[in-house]
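# A look at the structure
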Amino acid sequence: MRQKEVTDVKAREPIRVAQIMGKLWGGGVESVVFNYYRAIDKNKIQFDFYYDSDSTVAPPPELIAMGANFYEIPPYQKVASYCSTLKKILKGKKYTIVHSHINTLSVIPLFIAWTEKVPVRIAHNHSVPGGKEFSRNALKNFLRKFSKLFPTDYFACSEKAGRWLFGNRMFANGKVMVIKNGIDFQRFMPSEETIQEKRDSLGLKNKFVVGHIGRFTYAKNHKFLFEIFAEILKQKENARLVLVGDGELRAELKKQAETLGILGHIVFTGQVSDPENYYRLADIMIFPSFFEGLSLTTIESQAAGVPVAVSEAIPEEAVISNGCKRMSLRDGAKIWAQECIQLSEVRVNLTDQSRAYDISRCSQWLAGWYCQRIQKYETGERSCPPQNIWQR
């Protein structure tokens, strides 16, 4: 009888999944994974997050209170210390699932997981290369050759991201699962009081507000965003550009804004803890990215009921309403400005496709997949046939 009681207790223990995060900087991939953790059934699944010591933000206390563990490890640029530290931790933790989110660099932690005989090793790609980042793109293309060596399973945020990293044949054969960047739609509908407080604090009363949320990095193409805004300002003298985020290009972008004569019309908020409350400050959101795996901010803008203009680098999967317009970067700043002003008048209505991004649905599926994958491993099945519910 005592043995049965011990077995029953063990059966109720949640599966601990090691989530390899890379650097925490207040957005992007971590937002996606944190969204999943907030919504997932924690009686079945718990997450342990592994993040680089040179991250720019701290682990959210909210998630720690929910039962998540955060482990700081050396940055992956210090390969030797990164590998030795991760290997030591994985050896002690005895995980059954390691889920890596660092794109082509996932080859490093998944190699370590392979040496420690972790049975389920997931490579999850959230990006694609692009633009003129020649050295980075060269490294990504080199590492891509090893992307299928150590994973047992393959995830991607979009078809484009899946095909790029794992190959057209893998995708066509159903070996790559598209895992939607799910969100809690209710989080993007703050109260009118919250919106008014934000507007007043940022000096946006009676202003035409252009918004952008994202890291100040090459991929986001802030320079073109500034050119678009300069054209909008010619037609709307009360326009303001609100930039939520920070990054390595901050000083350079301020210089460009000064050169264009628009610096006094830009609000730099820096990194914020509640980005979901900033979307509805805007009349229009603009994301003219050079490249994106999916663009969570595009989804979030529409969820908040705010029209959004995006570049064609953002996949069509991100268009979930009548208020999202994909445009070519070749069209030029004047055309973008005209289209954005017109688009700002659109009342956003979500399409049926938006339901695929409901985090309650997404997290329920992921929890079920983790449990099924472990069950299949324990019963001796080496592989878990993908069940891509998004393509049903």
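So, here is what we can say about the structure in this document. These figures come from a predicted structure and were not determined experimentally. (Residues numbered from 1 in each chain as written. Predicted model: local features only at pLDDT ≥ 70, side-chain atom pairs only at ≥ 80, totals over all residues. Heavy atoms only, no water.)

### Some thoughts on the pattern of salt bridges
Counting across every chain of the model gives 18 salt bridges. In this structure, the salt-bridge partner of Lys23 is Asp54, at a minimum N-O distance of 3.0 Å. Residue Lys23 is found in the loop between β1 (15-22) and α2 (29-39), and its partner Asp54 is found in the loop between β2 (45-52) and α3 (61-65); the two are separated by 31 residues along the sequence. Here Glu316 and Arg326 are joined by a salt bridge, their closest N and O atoms 3.6 Å apart. Of the two residues, Glu316 is situated in the loop between β12 (308-311) and β13 (324-327) and Arg326 in strand β13; the sequence distance between them amounts to 10 residues. Assessed through its relative accessible area of 58%, Glu316 is described here as exposed. Taken together, the salt bridges that share partners define one network made up of Lys23, Asp52 and Asp54. (Salt bridge = Lys/Arg side-chain N within 4 Å of Asp/Glu carboxyl O. Helix = DSSP H or I, 4+ residues; strand = E, 2+ residues; numbered from the N terminus. Buried < 20%, exposed > 50% of the residue type's maximum accessible area, 1.4 Å probe, protein only.)

### Concerning the nonpolar core
Phe47, Phe49, Tyr50, Tyr82, Val98 and Tyr370 are the most contacted members of the largest nonpolar core, which has 99 residues in total. Among the elements that make up this core, the one with the highest residue count is helix α14 (residues 359-378) (eight residues). Residues within four places of Phe47 in sequence aside, it is in contact with Arg16, Val17, Gln19, Val33, Tyr36, Tyr37, Ile40, Ala68, Asn69 and Tyr370. Phe226, Ile228, Ile232 and Ile284 belong to the second largest nonpolar core, which has 29 residues in total. (Core = buried A, V, L, I, M, F, W, Y, C linked by side-chain atoms within 4.5 Å. Contact = heavy atoms within 4.5 Å.)

### Overview of the packing of aromatic side chains
Inspection of the entire model under this criterion finds 21 aromatic pairs. Centroid distance Tyr51 to Phe70: 6.2 Å. Interplanar angle 70°. Geometry classified as edge-to-face. Taken together, the residues Tyr51 in strand β2 and Phe70 in strand β3 (residues 69-73) connect sequence positions 19 residues apart. With respect to class, Tyr51 is no different from Phe70; both count as buried. (Phe/Tyr/Trp six-rings, centres within 6.5 Å; stacked < 30°, edge-to-face > 60°.)

### Quick look at the packing of helix α10 (residues 222-235) against helix α13 (residues 333-343)
Geometrically, a packed helix pair is captured by the angle between its two axes and the distance between the axes. Between α10 and α13, the shortest axis-to-axis distance is 8 Å and the interhelical angle comes to 60°. The orientation of α10 with respect to α13, classified from their angle, is oblique. Along this stretch, α10 crosses α13, giving a crossing that reads as right-handed. Across the interface between the two elements, Phe224, Glu227, Ile228, Glu231, Ile232 and Gln235 from α10 touch Ala333, Lys334, Trp336, Ala337, Gln338, Cys340 and Ile341 from α13. Residue composition of the contact of α10 with α13, by class: eight nonpolar, two polar and three charged. (Axes fitted to C-alpha atoms, helices over the stretch in contact; angles between N-to-C directions. Parallel < 35°, antiparallel > 145°, perpendicular 65-115°, else oblique. Left-handed = near helix turned anticlockwise from the far one by under 90°. Nonpolar A, V, L, I, M, F, W, Y, C, P; charged D, E, K, R; others polar.)

### Here we look at the sheet that holds β1
Taken in spatial order, the seven strands of this open sheet run β3-β2-β1-β4-β5-β6-β7, and their pairing is parallel. Every other strand in the sheet has two partners, leaving β3 and β7 (176-178) as the edge strands with one partner each. Across the sheet, the mean angle from the axis of one strand to that of its neighbour is 25°, orientation sign disregarded. Sheet analysis places β1 next to β2, joined by seven bridges and oriented parallel. Each bridged residue has a counterpart across the sheet, and for Arg16 the counterpart in β2 is Gln46. (Pairing = 2+ DSSP bridges.)

### Observations regarding helix α5 (residues 107-115)
Taken together, the buried positions of α5 are Val107, Ile108, Pro109, Leu110, Ile112 and Ala113. The positive-phi residue at the C-terminal boundary of α5 is Lys117, with phi of around 60°.

### Observations regarding the side chain of Glu300
Its place among the elements puts Glu300 in helix α12 (residues 296-303). Buried and unpaired, Glu300 has no salt bridge, with Arg187 as the nearest side chain of opposite charge at 7.0 Å. Separated by 2.4 Å, the side chains of Glu300 and Tyr279 make a polar contact. (Lys, Arg positive; Asp, Glu negative; His and termini not counted. Polar contact = N/O pair within 3.5 Å; in protein donor to acceptor, adjacent residues only side chain to side chain.)

### Things to note about α14
When the terminal C-alpha atoms of α14 are compared, their 28 Å separation across 20 residues agrees well with the 28 Å that a helix rising 1.5 Å per residue should span. Where α14 ends, the next residue or the one after it, Gly380, has phi of about 95°, a positive value. (Expected span 1.5 Å × (residues − 1).)

### Details of the packing of helix α4 (residues 79-93) against α5
Put simply, α4 and α5 touch, their axes get as near as 10 Å, and they point 40° apart. The angle between the axes of α4 and α5 places the two elements in the oblique class. Two packed elements cross with a definite hand, and for α4 against α5 that hand is right-handed. Every residue of α5 that contacts α4 at Tyr82, Cys83, Leu86, Lys87 and Leu90 is listed here: Ile108, Pro109, Ile112, Ala113 and Thr115. The class makeup of the residues in the contact of α4 with α5 is eight nonpolar, one polar and one charged.

### What to know about the sheet that holds β12
Taken in spatial order, the six strands line up as β10-β9-β8-β11-β12-β13 in an open sheet, and their pairing is parallel. On the outer flanks of this sheet lie β10 (266-270) and β13, each paired with one strand and no other. Each neighbouring strand pair of the sheet contributes to a mean axis angle of 20°, computed without reference to strand direction. Summarising the sheet, strand β11 (residues 284-287) and β12 pair through three bridges and their orientation is parallel. Note on β12: the bridge partner recorded for Ile286 is Ala309. Contacts from α10 reach β8 (208-213), β9 (239-244), β10 and β11, with the element oriented near 160° to β9.

Interpretation note: all reported values are geometric properties and have no functional meaning in isolation.
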